[in-house]
Amino acid sequence: MQPTREQGWELLCRYTATDALRKHALQVEAALRHFAEYFGEDPEKWGVIGLCHDLDYEKYPDEHCQVTKRILTEEGWDEEYIRAIMAHGWGMVTDVEPQTRLEKTLYAVDELTGIINAACLVRPSRSVLDFNLKSLKKKFKDKSFAAGCDREVIRRGIEMMGLDFDTVATETIKGLQARAEICGLKGNL
């Protein structure tokens, strides 16, 4: 089955109650939709995968990705969707190495959106709409800032994508800006 965004959102809400994790899912969805358009791929598919990538994290953190695989298999989701979600946990909670452009992009932008989110929330505007690459690079270099976001995973993912940091970071910011209100990053602008 190739799920719709509505089906993905319903499933996410069934397993994820916290606002912060839902916003993270929406932010990864926004970034992946943008990258799908950037690469000439299917934004609906990429977006749904981004939306559901952490489906099991709140209820089953010790079995992250493994429970999602079971849930999505039971729901009848296509293997391509399941594999992409599994690959975002490569080297951390799965041994599924990112192979496709989609998998590599999800692997890179998952953690990157976390740093961008944190950086936006400490700005006076609390918004991504006035956020830029220079601000991100400053926060990225500060290892104590958003310390839970693994910079090595981001670097590895960007390298796998075959792009440079500035391009991936700029495009991720653009994706979040395009859906700022939806993903909770409009702030007070």
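In case you missed it, the structure is sitting above this.
The shown structure was predicted, so the numbers you read here are calculated from the model rather than taken from an experiment.

**Topic: the overall build of the chain**
Phase 1: Within the chain, the secondary structure is distributed over nine helices and zero strands.
Phase 2: Its helices and strands taken in sequence order, the chain reads α-α-α-α-α-α-α-α-α from the N to the C terminus.
Phase 3: Computed over its C-alpha atoms, the radius of gyration of the chain comes to 15 Å, within 12% of the 16 Å expected for a compact globule of 189 residues.
Phase 4: Summarising its shape, the C-alpha atoms of the chain cover approximately 45 × 35 × 35 Å along the three principal directions.
Phase 5: For the chain, the proportion of its 189 residues judged to be buried stands at 50%.
Phase 6: Of the contacts made within the chain by residues no fewer than 6 positions apart, 65% connect residues no fewer than 24 positions apart.
Phase 7: Accessible area for the chain stands at about 8800 Å²; split by element, carbon and sulfur atoms hold 48% of it.
Phase 8: Distance between charge centres in the chain, computed from 26 positive and 32 negative side chains, equals 8 Å.

**What to know about unusual backbone geometry**
Phase 1: Despite not being glycine, Cys-65 has its phi angle at roughly 80 degrees, a positive value.
Phase 2: By secondary structure assignment, the location of Cys-65 is in the loop between helix 3 (43–52) and helix 4 (66–75).
Phase 3: Cys-65 sits in the buried class, given a relative accessible area of 0%.
Phase 4: With a phi angle near 45 degrees, Ala-146 is a residue other than glycine that sits in the positive phi range.
Phase 5: Inspection of the secondary structure puts Ala-146 in the loop between helix 7 (133–141) and helix 8 (151–161).

**Thoughts on the layout of surface pockets**
Phase 1: In this structure, the largest pocket spans a volume of roughly 500 Å³.
Phase 2: Around the largest pocket, the lining is made up of 21 residues, and of these His-24, Asp-54, Tyr-57, Asp-110 and Glu-111 lie nearest the centre.
Phase 3: Elements with a minimum of two residues in the lining of the largest pocket: helix 2 (19–39) and helix 6 (101–121).
Phase 4: Looking at which element gives the most residues to the lining of the largest pocket, the answer is helix 6, with six residues.

**Topic: the environment of Arg-179**
Phase 1: Looking at the secondary structure, you find Arg-179 in the segment after helix 9 (165–178).
Phase 2: Taking the C-alpha atoms as reference points, Arg-179 and Gln-27, 152 residues apart in sequence, are found 8.1 Å from one another.

**What about the nonpolar core?**
Generally speaking, nonpolar side chains in soluble globular proteins are found buried as a group.
Phase 1: With 58 residues, the main nonpolar core has Trp-77, Ile-116, Val-128, Phe-131, Leu-136 and Phe-165 as its most contacted residues.
Phase 2: Here Trp-77 is in contact with Met-1, Pro-3, Gly-8, Leu-11, Val-48, Cys-52, Leu-72 and Ile-82, once residues within four sequence places are set aside.

**What about the packing of helix 5 (residues 79–87) against helix 6?**
Phase 1: It is the contact of helix 5 with helix 6, at a shortest axis distance of 8 Å, that shows an interaxial angle of 35 degrees. The handedness of the crossing between helix 5 and helix 6 comes out as right-handed. Counted together, Arg-83, Ala-84, Ile-85 and Ala-87 of helix 5 and Leu-102, Glu-103, Leu-106 and Tyr-107 of helix 6 form the full contact between these two elements.

Rules of the game
Residues numbered from 1 in each chain as written. Predicted model: local features only at pLDDT ≥ 70, side-chain atom pairs only at ≥ 80, totals over all residues. Heavy atoms only, no water. Helix = DSSP H or I, 4+ residues; strand = E, 2+ residues; numbered from the N terminus. Rg over C-alpha atoms; globule rule 2.2 N^0.38 Å. Buried < 20%, exposed > 50% of the residue type's maximum accessible area, 1.4 Å probe, protein only. Contact = heavy atoms within 4.5 Å. Areas by Shrake-Rupley, 256 points an atom, 1.4 Å probe, with all protein chains shown as cover. Lys, Arg positive; Asp, Glu negative; His and termini not counted. Charge placed at Lys NZ, Arg CZ, Asp CG, Glu CD. 1 Å grid on protein atoms, 1.4 Å probe; cavity = no way out; pocket = protein on both sides within 12 Å on 5 of 7 lines; lining within 4 Å. Points joined across faces, edges and corners; volume = space filled by probe spheres on them. Core = buried A, V, L, I, M, F, W, Y, C linked by side-chain atoms within 4.5 Å. Axes fitted to C-alpha atoms, helices over the stretch in contact; angles between N-to-C directions. Left-handed = near helix turned anticlockwise from the far one by under 90°.

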